[in-house]
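# Structure assessment
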Amino acid sequence: MTVNQIRPAHVDDAAELTQVAARAVKNDGFDDNAVARFMPGLRVNLALIAAGLVFVAEGDDGVLQGWVSVRPTGIGGLILLEGIFVEPAHSRRGAGSRLFSTAVGLSRKLAGNVILINSSPSSVDFYARLGANKIGATPFVFSPDVELTMFAFTIPPV
Ligand SMILES: CC(C)(COP(=O)(O)OP(=O)(O)OC[C@H]1O[C@@H](n2cnc3c(N)ncnc32)[C@H](O)[C@@H]1OP(=O)(O)O)[C@@H](O)C(=O)NCCC(=O)NCCS
């Protein structure tokens, strides 16, 4: 099922969004203990939902296929990709790319020039394919054994 619509997330979506994130990460091969350690970084941020900075992708059947959120960093023009997760049953069908486009549009509205991404090991090819540039690496704050690749995505002019 392809994505039918991308809409702002509601507070009522929150529990399901967090579950989608946990399933997406587990599908990358992390065990339950690792997913439990990651949870503070997987839980959707209610303040970002309230601020209109979380969007969900839905299929024709109304089933939630994934979500994305961004946040301003406070540094002029720099927006952080807070999270992007696709339900494993719907992966590799373009939902992630559509959600990332939504994040780009949102970032433009926030006067962003660059999106900063901390990529999990399995998502590196996804961001490279989208045109993001590798700028470094950093330990995952909630599980320092996992090294995240840092990317900068330059927001193109419209
Ligand atoms: C990363 C993620 C959001 C991608 O979502 P998706 O809907 O599968 O992505 P798309 O279908 O739009 O993929 C676009 C392209 O990115 C690349 N890509 C995506 N996932 C990939 C993977 N796991 N391995 C290699 N390349 C990948 C491919 O080139 C793909 O195009 P193709 O399928 O035609 O080859 C999703 O796999 C996910 O939720 N992963 C787990 C959670 C996570 O790590 N989130 C990111 C935190 S930094």
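Before going into details, it helps to say that this report is about the structure given with it. Please read these numbers as outputs of a predicted model, since none were measured by experiment. (Residues numbered from 1 in each chain as written. Predicted model: local features only at pLDDT ≥ 70, side-chain atom pairs only at ≥ 80, totals over all residues. Heavy atoms only, no water.)

### Observations concerning helix α4 (residues 95-109)
Taking 1.5 Å per residue, 15 residues should reach 21 Å; α4 reaches 21 Å between its end C-alpha atoms and fits that length. If you check which residues of α4 are buried, you get Ala 95, Gly 96, Leu 99, Phe 100, Thr 102, Ala 103, Val 104, Leu 106 and Ser 107. Just past α4, the residue Ala 111 takes up positive phi, approximately 65°. (Helix = DSSP H or I, 4+ residues; strand = E, 2+ residues; numbered from the N terminus. Expected span 1.5 Å × (residues − 1). Buried < 20%, exposed > 50% of the residue type's maximum accessible area, 1.4 Å probe, protein only.)

### A few points about the sheet that holds strand β5 (residues 114-119)
Taken in spatial order, the seven strands line up as β1-β2-β3-β4-β5-β7-β6 in an open sheet, and their pairing is mixed. The two strands at the open ends of the sheet, each matched to only one other strand, are β1 (3-8) and β6 (133-140). Shown here is a sheet whose adjacent strand axes are inclined to one another by a mean of 25°, direction ignored. By the bridge criterion, seven bridges tie β6 to strand β7 (residues 143-154) in an arrangement that is antiparallel. Of the residues in β7, the one forming a bridge with Lys 134 is Phe 151. Strand contacts of α4: β1, β2 (54-59), β3 (64-72), β4 (78-86), β5 and β7, with the helix running at about 155° to β4, the strand carrying the most contacts. (Pairing = 2+ DSSP bridges. Axes fitted to C-alpha atoms, helices over the stretch in contact; angles between N-to-C directions. Contact = heavy atoms within 4.5 Å.)

### Details of the environment of Phe 126
For Phe 126, the position within the fold is in helix α5 (residues 124-130). Distance in space between the C-alpha atoms of Phe 126 and Ala 137 is 16 Å, their sequence separation being eleven residues. The contacts of Phe 126, once residues within four sequence positions are left out, are Ile 84, Gly 96 and Ser 97.

### Points about the packing of aromatic side chains
As enumerated under the stated definition, the model contains eight aromatic pairs in all. Residues Phe 100 and Tyr 127 carry aromatic rings whose centres are separated by 6.3 Å and whose planes lie at 65° to one another, so their mutual orientation is edge-to-face. Remark: Tyr 127 occurs in helix α5 and Phe 100 occurs in helix α4; sequence separation between them is 27 residues. Taking the relative accessible area as the measure of exposure, Phe 100 reaches 3% and is therefore buried. Judged by centre distance (5.8 Å) and plane angle (45°), the rings of Tyr 127 and Phe 151 are tilted. Taken together, the residues span a long stretch of sequence, with Tyr 127 in helix α5 and Phe 151 in strand β7 at a distance of 24 residues. This pair shows no difference in class: Tyr 127 is buried, exactly as Phe 151 is. Members of the aromatic cluster, connected to one another through ring pairs, are Phe 100, Phe 126, Tyr 127, Phe 151 and Phe 153. (Phe/Tyr/Trp six-rings, centres within 6.5 Å; stacked < 30°, edge-to-face > 60°.)

### Structural notes on helix α1 (residues 14-27)
Think of an α-helix as turning once every 3.6 residues; residues three or four places apart then point the same way. For α1, built from 14 residues, the straight-helix expectation of 20 Å at 1.5 Å per residue is met to within 8% by its first-to-last C-alpha distance of 20 Å. Those residues of α1 that sit buried are Ala 14, Leu 17, Thr 18, Val 20, Ala 21, Ala 22, Ala 24 and Val 25. Phi turns positive, to about 105°, at Gly 29, one or two residues after α1.

### Brief notes about the site of the ligand
Around the ligand sit 21 residues, and of these Val 86, Arg 92, Gly 96, Ser 97 and Arg 129 come closest. Interatomic distance of 2.8 Å between a backbone N/O atom of Gly 94 and an oxygen atom of the ligand. For the ligand, an oxygen atom lies 2.7 Å from a polar atom in the backbone of Gly 96. In the complex, 78% of the free accessible area of the ligand, which totals 910 Å², lies under the protein chains. Breaking the shell around the ligand down by element, the ones donating at least two residues are β4, α4, β5 and α5. Counting residues per element, the shell around the ligand draws most heavily on α5, at four residues. Split by residue class, the shell around the ligand holds seven nonpolar, nine polar and five charged. (Near = heavy atom within 4 Å. Polar contact = N/O pair within 3.5 Å; in protein donor to acceptor, adjacent residues only side chain to side chain. Areas by Shrake-Rupley, 256 points an atom, 1.4 Å probe, with all protein chains shown as cover. Nonpolar A, V, L, I, M, F, W, Y, C, P; charged D, E, K, R; others polar.)

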